[in-house]
Amino acid sequence: MAEHDQDETLAEAGRKLFAREARFTAAVDKVERLPPMSGLEIAFAGRSNVGKSSLVNALTGRNALARTSHTPGRTQELIFFDVGSTFTLVDMPGYGYAAVGKEKVRAWTQLIRDYLRGRSNLVRVLLLIDSRHGVKQNDEEILDLLDKAAVPYQIVLTKADVPKKAELDAVIEATRAAIARRPAAFPEIVVTSSRAKDGIADLRTAIARLLSERGVALPTVEPRGEGA
Ligand code: GTP
Ligand code: MG
């Protein structure tokens with residue numbers, strides 16, 4: 001198949017995949033309570049308030065599947081969602097500042113690190129970076145951890161509706177530079193806005209491609225007739 005057709009097929013498979021039912025399966029606050037590893041997992045990680053839960057909702061087309069809030073520290077556990085009985089999405093608590101006590105932040109940080117290092121069915125981490133701020137020191141720490149543990153990750157810029165075009169371009173360039181020499185980083189950066197629904201289809205396609213590469217059966221796409 002020509003590359004272009006293949007991209008279209010994956011885009012369509014991604015769209016169909018996320019049109020399937022997504023449902024909450026578990027919320028976990030301690031590494032000992034993680035569900036057994038079964039099927040493939042993709043986790044959403046990033047600083048508090050970067051827009052992880054909003055992106056889970058935008059991808060699944062469900063406004064209130066994952067809880068969101070203006071106040072950093074909304075997601076307080078690892079939240080597992082089954083997507084179309086095909087794979088698992090994991091919405092993570094944010095790292096960095098949160099409007100909760102220091103003890104809690106310390107406990108989450110430990111949970112995040114333990115989960116990211118020790119989950120063999122975790123096929124990719126989507127590491128969200130706020131396009132208004134770029135990569136910060138605590139992002140670098142998580143990138144270090146993922147590189148050391150050889151957990152593949154892909155950078156997703158969020159809230160791309162906020163910065164002006166020139167500012168956004170500068171952040172994209174700086175982010176590219178920040179991951180250029182990182183071994184576990186996927187080179188392609190996805191630029192998204194959950195609010196404007198930008199980049200959502202691209203992210204669905206990227207996830208469909210990843211799952212397909214891992215041998216997961218995706219929703220089938222009707223082959224188009226000659227000349228259709
Ligand atoms: P924690 O669970 O606290 O770590 O936060 P989170 O990363 O899950 O962020 P969440 O999705 O709760 O969103 C945080 C805030 O950012 C909310 O006020 C959202 O409305 C806002 N937000 C999320 N996505 C976007 C976006 O694409 N554009 C804009 N402008 N705001 C967004
Ligand atoms: Mg959240």
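These notes cover the structure that comes with them.

## Concerning the overall build of the chain
Counting its regular elements, the chain contains six helices and seven strands. In sequence order, the secondary structure elements of the chain are arranged as α-β-β-α-β-β-α-β-α-β-α-β-α. Taken over the C-alpha trace, the chain has a radius of gyration of 17 Å; the compact-globule value for 228 residues is 17 Å, and the two agree within 12%. Within the chain, contacts between residues at least 6 apart in sequence are counted, and of these 73% link residues at least 24 apart.

## Some remarks on the site of ligand 1
Around ligand 1 there are 21 residues in total, and K52, S54, G73, R74 and D161 lie nearest to it. Interatomic distance of 3.3 Å between a backbone N/O atom of G94 and an oxygen atom of ligand 1. S194 has a polar backbone atom sitting 2.8 Å from an oxygen atom of ligand 1. When the free accessible area of ligand 1 is taken as 650 Å², the share hidden by the protein chains comes to 92%.

## A word on the coordination of the magnesium ion (ligand 2)
In the first shell of the magnesium ion (ligand 2), the protein supplies S53 (OG) and T75 (OG1), at 2.0 to 2.2 Å from the metal. With S53 in helix α2 (residues 52-60) and T75 in the loop between α2 and β3 (78-83), this residue pair connects regions lying 22 residues apart in the sequence. Among the residues examined, S53 registers a relative accessible area of 7% and is labelled buried.

## Here's the deal with the side chain of D82
Examined against the element boundaries, D82 turns out to sit in strand β3. A polar side-chain atom of D82 sits 3.0 Å from the main-chain amide nitrogen of S85. The contact partners of D82, leaving out residues within four places of it in the chain, are E21, A22, R23, T25 and F87.

## Digging into the packing of helix α1 (residues 3-19) against helix α6 (residues 200-213)
At a closest axis distance of 8 Å, the pairing of α1 and α6 adopts a crossing angle of 100°. If you check the angle between α1 and α6, you find them roughly perpendicular. Between α1 and α6, the residues in contact are D7, L10, A11, A13, G14, R15, L17 and F18 and R204, T205, I207, A208, R209, L211 and S212, respectively. Its residues assigned to classes, the contact of α1 with α6 shows eight nonpolar, three polar and four charged.

## Examining α2
Among the nine residues that make up α2, eight are buried, leaving the element largely enclosed by the rest of the structure. For α2, the complete set of buried residues consists of K52, S53, L55, V56, N57, A58, L59 and T60. Positive backbone phi, approximately 65°, marks G61, located one or two places after α2.

## Notes on the nonpolar core
Counting residues in each nonpolar core, the largest one holds 34 residues, and the members touching the most others are Y115, L116 and L127. Contact partners of Y115, with chain neighbours within four places excluded, come to L34, E41, A43, L78, F80, V90, M92 and L122. Membership of the second largest hydrophobic core comes to 33 residues, among which are F18, A58, F81 and L218.

## Some words on unusual backbone geometry
Phi is positive for S85, which is not a glycine, with a value near 50°. By secondary structure assignment, the location of S85 is in the loop between β3 and β4 (87-91). Here the phi dihedral of K159 falls at roughly 55°; this positive angle occurs in a residue that is not glycine.

## As for the sheet that holds strand β5 (residues 122-130)
Reading across the sheet, the seven strands line up as β1-β3-β4-β2-β5-β6-β7 and stay open at both edges, with mixed pairing between neighbours. Two strands in the sheet have a free side with no partner beyond their single neighbour: β1 (22-28) and β7 (185-191). Neighbour to neighbour, the strand axes of the sheet diverge by 25° on average, direction disregarded. The pairing of β5 with strand β6 (residues 153-158) spans six bridges and is parallel. Each residue of the ladder has a partner; that of V125, found in β6, is Y153. Relative to the sheet, helix α5 (residues 165-179) contacts β6 and β7, its axis offset from that of β7 by approximately 165°.

Reading the values: rules and limits
- Residues numbered from 1 in each chain as written.
- Chains lettered and ligands numbered in written order.
- Predicted model: local features only at pLDDT ≥ 70, side-chain atom pairs only at ≥ 80, totals over all residues.
- Heavy atoms only, no water.
- Helix = DSSP H or I, 4+ residues; strand = E, 2+ residues; numbered from the N terminus.
- Rg over C-alpha atoms; globule rule 2.2 N^0.38 Å.
- Contact = heavy atoms within 4.5 Å.
- Near = heavy atom within 4 Å.
- Polar contact = N/O pair within 3.5 Å; in protein donor to acceptor, adjacent residues only side chain to side chain.
- Areas by Shrake-Rupley, 256 points an atom, 1.4 Å probe, with all protein chains shown as cover.
- Donors = N, O, S within 2.8 Å, 3.2 Å for Na, K, Ca; no water.
- Buried < 20%, exposed > 50% of the residue type's maximum accessible area, 1.4 Å probe, protein only.
- Axes fitted to C-alpha atoms, helices over the stretch in contact; angles between N-to-C directions.
- Parallel < 35°, antiparallel > 145°, perpendicular 65-115°, else oblique.
- Nonpolar A, V, L, I, M, F, W, Y, C, P; charged D, E, K, R; others polar.
- Core = buried A, V, L, I, M, F, W, Y, C linked by side-chain atoms within 4.5 Å.
- Pairing = 2+ DSSP bridges.

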